[in-house]
Structure formats: structure tokens, C-alpha cells
Amino acid sequence: MRIGYGFDIHQFESGDGFTLGGVKITFNKKIIAHSDGDVLIHAICDALLGASALGDIGKHFPDTKSKFKNISSLILLKKVSTLLKENNFEISNIDSTIVLQSPKIISFVDEMRNKISSVLEIELNQISIKATTNENLDAIGNEKGIAAHAVALIFKK
């Protein structure tokens, strides 16, 4: 068994919402990013890539390549899933935490888990998504950004 850790953070700016866990969240801000800026999916990708020692999201999907501009992070997650399969790895479970002051995202968690389990072709009970605030501390607590942490446990087939 192998474990990997992933982290991602992005700034907010005025806008009409953002994508998180593959789900569109209506909000008065958007994420500044090269891709869709989905911090949850990015953290999960890095956790899976790290556990398998296959590099990181920047190595496979650099923000210097125009083909990744505004790309759905679910597409990136599918490519990571393919890399794992090609290297004979199987996912045991993923645990993640989203850090943002607002909006509250609890009502979107089930939809996020469904999208992620579908893309990775794993069971819902293999994916945990939690959320917390930063108690109004620092940039995230002042609604200037969003972050996500993820841990993945994989094993060699």
C-alpha cells in the first residue's frame, strides 16, 4: 500500500461562481486559474500521483500549455486514473478537506462524490469530502481564496 498527499490553493476574484469537485457552485466570486481551478480535483490528482510516484499535476498538465487552458479538471482526473491503471495501481480510498470561508458547500458534497467516483470508477464509500472554514483568519478566512487537501491510499495490483 502507498499513500500520497495533495494540496491546492487558488485566489478568488469577482465573478459568477466556480467549479469544485466537478460541480458548479453559484457565488459572487470565481477562481483565478489556468484550468477551471478546481482545487479539490487538483489536490486529489496530486495525492494519487504522489502515492504512485508519477510526479505531480504540474508535470502532467503544465499551465504553460494552451491545451489545458480552461480545461475541466475532471478530464485531468480521468487522465490520472488512466496513468494509475497503466502502472497497475488501484485506489483504496481518498480523504479530502476543502477550506473556504463561504459559501457553505455541504449541499454539494454528494454530487461531488458521485462525479469523482464515476470518473475514477470507484465506489462512493471510497471517497470522503469534508469542508471547514478558516474562522475568518488569513486570506481564505477573508474570502480571498480557497484551498483543498487530499490524501489517497493506493495499492499495487
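Cut-off values and rules
- Residues numbered from 1 in each chain as written.
- Predicted model: local features only at pLDDT ≥ 70, side-chain atom pairs only at ≥ 80, totals over all residues.
- Heavy atoms only, no water.
- Pairing = 2+ DSSP bridges.
- Helix = DSSP H or I, 4+ residues; strand = E, 2+ residues; numbered from the N terminus.
- Axes fitted to C-alpha atoms, helices over the stretch in contact; angles between N-to-C directions.
- Patch = residues over 30% accessible without salt bridge, like charges linked within 9 Å, V, L, I, M, F, W, Y side chains within 5 Å.
- Areas by Shrake-Rupley, 256 points an atom, 1.4 Å probe, with all protein chains shown as cover.
- Salt bridge = Lys/Arg side-chain N within 4 Å of Asp/Glu carboxyl O.
- Buried < 20%, exposed > 50% of the residue type's maximum accessible area, 1.4 Å probe, protein only.
- Right-handed = clockwise from strand over helix to strand, strands pointing away.
- Core = buried A, V, L, I, M, F, W, Y, C linked by side-chain atoms within 4.5 Å.
- Contact = heavy atoms within 4.5 Å.

### Observations concerning the sheet that holds strand S7 (residues 145-156)
At step 1: Taken in spatial order, the five strands make up an open sheet running S4-S1-S7-S5-S6, and their pairing is mixed. Bordering the open sheet on either side are strand S4 (29-31) and strand S6 (127-132), each of which pairs with just one other strand. Sheet twist, expressed as the average angle between the axes of neighbouring strands with direction ignored, equals 25°.
At step 2: Inspection of the sheet shows strand S5 (residues 89-99) paired to S7 by 10 bridges, in the antiparallel sense. By the bridge assignment for S7, Val99 is matched with Ala147.

### Digging into a nonpolar patch on the surface
At step 1: A cluster of nonpolar side chains, namely Ile3, Tyr5, Phe7, Ile9 and Val151, defines an oily patch on the protein surface of about 480 Å² accessible area.
At step 2: Take the nonpolar patch: its biggest share by element is four residues, from strand S1 (residues 2-14).
At step 3: Looking at the secondary structure, you find Val151 in strand S7.
At step 4: Note on Val151: relative accessible area 31%, which makes it partly exposed.

### Let's talk about the pairing of S5
At step 1: As judged from the six bridges shared by S5 and S6, these two strands associate in the parallel manner. Each bridged residue has a counterpart across the sheet, and for Ile98 the counterpart in S6 is Ala131.
At step 2: Handedness of the β-α-β unit built from S5, helix H4 (residues 109-120) and S6 comes out right-handed.

### Some words on the nonpolar core
At step 1: In terms of nonpolar packing, the biggest core is built from 47 residues, with Leu20 and Leu48 touching the most fellow members.
At step 2: Counting residues per element, this core draws most heavily on helix H1 (residues 39-51), at 10 residues.
At step 3: Residues contacting Leu20, with those up to four places away along its chain left out, are Ile25, Asp38, Val39, Leu40, Ile98, Ile105, Met112 and Ile146.

### Considerations on the pattern of salt bridges
At step 1: If you walk through the whole model with that rule in mind, you get five salt bridges.
At step 2: The salt bridge involving Lys30 is made with Glu13; its shortest N-O contact spans 3.5 Å. You can see Lys30 sitting in strand S4 and its partner Glu13 sitting in strand S1, a full 17 residues away along the chain.
At step 3: Taking the relative accessible area as the measure of exposure, Glu13 reaches 34% and is therefore partly exposed.
At step 4: For Glu121, the salt bridge identified is with Lys78, shortest N-O distance 3.1 Å. Of this pair, Glu121 sits in the loop between H4 and S6 while Lys78 sits in helix H3 (residues 73-86), and the two are 43 residues apart along the sequence.
At step 5: Classification of Glu121 by relative accessible area gives exposed; the value is 54%.

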